[in-house]
Amino acid sequence: MIVFGDEYKFTKYELSRLKNFKIEYINSIDEVKEILKAHQKKLVIINSNKRDYKTIEFFSNLRIDGARFLTLEHFMEKYLHKCYIPVDGGNLEYLENLKPYTNWQYFQKRVIDYFGIFWLSIFSLPVMIYSIYRIKKESPGTSMFKQLRVGANGKEFECVKFRSMHSNSHFDPYTRENDSRILKFGEKMRKYRLDELPQIWNILKGDMHLIGPRAEWNILVPNYRKDLPFYNERHLVKPGVTGWAQVNYPYGANIEDTRQKLMYDLYYIKYWSLSLELKIVWKTILVVIGKKGL
């Protein structure tokens, strides 16, 4: 696979999905031609804004030469199932391709919500009782906490979660590797997403869906809106307890992690379907039972 133009640094999670591709970065049409002569049916990924006649003519003839080409945006969507966000925010297609759910889609989402939390409540009740016991045993204070999160259309709501950190811990908006604030049992809760279980209440209230973009902490959102193009687009829909970003990328530790997860959120909104919804449910189950760790 040839990446023509600006070099794109694939994350380790992307590279794990691209094991069958040998990636070469080329910024010269002549070099691309030489490689295509030596290797038939090579895939060329375009990550360039060049619009000169020579460049356009070259890519117009690529298929005749037996090669394929895709823009980086389309390659990301087809093979990595995420929507590429240029650092400069130059792709305005998001503004017309991303839309909130139709009435029929919203109805399907609520059916999934009620069906999901009915079974989730039955099977998770013993886990929730045990979680309350372990939290109180390891750290004095309430077993749950409420935090203002940003939901659909930018409206804030109180999100309920199990407390996974010591009370009155030092402030840091991000969790770190070997974070001293996290309880011993809190690490297990986070790994298997058990700290999210009390959000069943938020689903019943209508603040959230079972599946959707993560409900982000309100104090972080203003900076994300300022630093990340199209961040506000994730608020076209209600957040979820689990989602496409949550099952494809680990907890975020910085602004770049947030950008990566946003790409998955935008893909979910753009390509929402029942099959994608079921795929997220299955991947979430794998995470919870420990078959897939993030």
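Everything numeric here is computed off the predicted structure, so don't read it as measured data. (Residues numbered from 1 in each chain as written. Predicted model: local features only at pLDDT ≥ 70, side-chain atom pairs only at ≥ 80, totals over all residues. Heavy atoms only, no water.)

Student: Account for the overall build of the chain, naming residues and giving values.
Tutor: What the chain contains, in helices and strands, is 12 helices and nine strands. Based on the C-alpha atoms only, the size of the chain along its principal axes is roughly 70 × 45 × 35 Å. Counting over 294 residues, the chain shows a buried share of 49%. Roughly 16,000 Å² of accessible area belongs to the chain as shown, and the carbon and sulfur atoms make up 57% of that amount. (Helix = DSSP H or I, 4+ residues; strand = E, 2+ residues; numbered from the N terminus. Buried < 20%, exposed > 50% of the residue type's maximum accessible area, 1.4 Å probe, protein only. Areas by Shrake-Rupley, 256 points an atom, 1.4 Å probe, with all protein chains shown as cover.)

Student: Please provide a residue-by-residue account of helix H6 (residues 103-138), values included.
Tutor: Given 3.6 residues per helical turn, the α-helix brings residues three or four places apart onto the same face. With 36 residues, H6 ought to run about 52 Å at 1.5 Å a step, yet its terminal C-alpha atoms sit only 46 Å apart, falling short of that. Taking the largest bend as the criterion, H6 deviates by roughly 55°, centred on serine 124, and proline proline 126 comes between one and four positions later. When we look at burial in H6, the residues that qualify are Gln108, Lys109, Arg110, Asp113, Gly116, Ile117, Ser124, Met128, Ser131, Arg134 and Ile135. Packing partners of the buried residues in H6 comprise strand E6 (156-162), helix H7 (184-191), helix H8 (200-205), strand E7 (209-211), helix H11 (255-270) and helix H12 (274-288). (Expected span 1.5 Å × (residues − 1). Bend = angle between axes of the 7 residues up to and from the residue. Contact = heavy atoms within 4.5 Å.)

Student: Tell me about the packing of helix H2 (residues 29-38) against helix H3 (residues 53-60), and please be specific about residues and values.
Tutor: Packing of H2 against H3 brings their axes to within 11 Å, and their N-to-C directions diverge by 15°. Relative to H3, H2 is oriented roughly parallel. The way H2 lies across H3 gives a crossing that is left-handed. Residues Ile29, Asp30, Val32, Lys33 and Leu36 of H2 pack against Lys54, Thr55 and Phe58 of H3. Of the residues contributing to the contact of H2 with H3, the split by class is four nonpolar, one polar and three charged. (Axes fitted to C-alpha atoms, helices over the stretch in contact; angles between N-to-C directions. Parallel < 35°, antiparallel > 145°, perpendicular 65-115°, else oblique. Left-handed = near helix turned anticlockwise from the far one by under 90°. Nonpolar A, V, L, I, M, F, W, Y, C, P; charged D, E, K, R; others polar.)

Student: Lay out a positive patch on the surface with the relevant residues and their values.
Tutor: Taken together, the side chains of Lys33, Lys37, Lys50 and Lys54 define a basic patch exposed on the protein surface. Inspection of the secondary structure assignment puts lysine 37 in helix H2. (Patch = residues over 30% accessible without salt bridge, like charges linked within 9 Å, V, L, I, M, F, W, Y side chains within 5 Å. Salt bridge = Lys/Arg side-chain N within 4 Å of Asp/Glu carboxyl O. Lys, Arg positive; Asp, Glu negative; His and termini not counted. Charge placed at Lys NZ, Arg CZ, Asp CG, Glu CD.)

Student: Outline the sheet that holds strand E2 (residues 24-26), supporting the account with residue identities and numerical values.
Tutor: Strand order in the open sheet formed by four strands is E2-E1-E3-E4, and the pairing between neighbours is parallel. Looking at which strands have only one partner, the edges of the open sheet turn out to be E2 and strand E4 (68-71). Taken over all neighbouring pairs, the strand axes of this sheet differ in orientation by 25° on average, direction set aside. Strand direction decides the pairing type here: strand E1 (residues 2-5) and E2, joined by three bridges, are parallel. Each residue of the ladder has a partner; that of phenylalanine 4, found in E2, is isoleucine 26. (Pairing = 2+ DSSP bridges.)

Student: Could you give an account of the sheet that holds strand E5 (residues 144-150), with specific residues and numbers?
Tutor: Taken in spatial order, the three strands of this open sheet run E6-E5-E8, and their pairing is antiparallel. A strand with exactly one partner marks an edge of an open sheet, and here the two such strands are E6 and strand E8 (216-217). Where E5 and E6 come together, seven bridges link them in antiparallel fashion. Looking across to E6, one finds that lysine 146 is bridged to valine 160.

Student: Which residues make up H2, and what values do they have?
Tutor: All buried positions along H2 are accounted for by Ile29, Val32, Ile35 and Leu36. Each buried residue of H2 sits inside an arc of 120° when the element is viewed along its axis, so together they form one side. More than 90 degrees from the buried face of H2, the exposed residues found are Lys37 and Ala38. Among the structural elements, E1, E2, strand E3 (43-47) and H3 are those in contact with the buried residues of H2. (Arc of directions from axis to C-beta.)

Student: Go over the packing of aromatic side chains, please, and point to the residues and values.
Tutor: Here the structure, examined in full by the defined rule, presents 20 aromatic pairs. Ring geometry for phenylalanine 10 and phenylalanine 75: centres 6.5 Å apart, planes at 75°, overall edge-to-face. Residue phenylalanine 10 is found in the loop between E1 and helix H1 (12-17), and its partner phenylalanine 75 is found in helix H4 (residues 72-80); the two are separated by 65 residues along the sequence. Among the aromatic side chains, those forming a connected cluster through ring pairs are Tyr8, Phe10, Phe21, Phe75, Tyr79 and Tyr84. (Phe/Tyr/Trp six-rings, centres within 6.5 Å; stacked < 30°, edge-to-face > 60°.)

Student: So, the pairing of E5: which residues are in play, and what are the values?
Tutor: Count of turn residues in the E5/E6 antiparallel hairpin: five residues, of which asparagine 153 carries a positive phi of about 60°. Summarising the sheet, E5 and E8 pair through two bridges and their orientation is antiparallel. The partner of valine 150 across the bridge, within E8, is glutamate 216.

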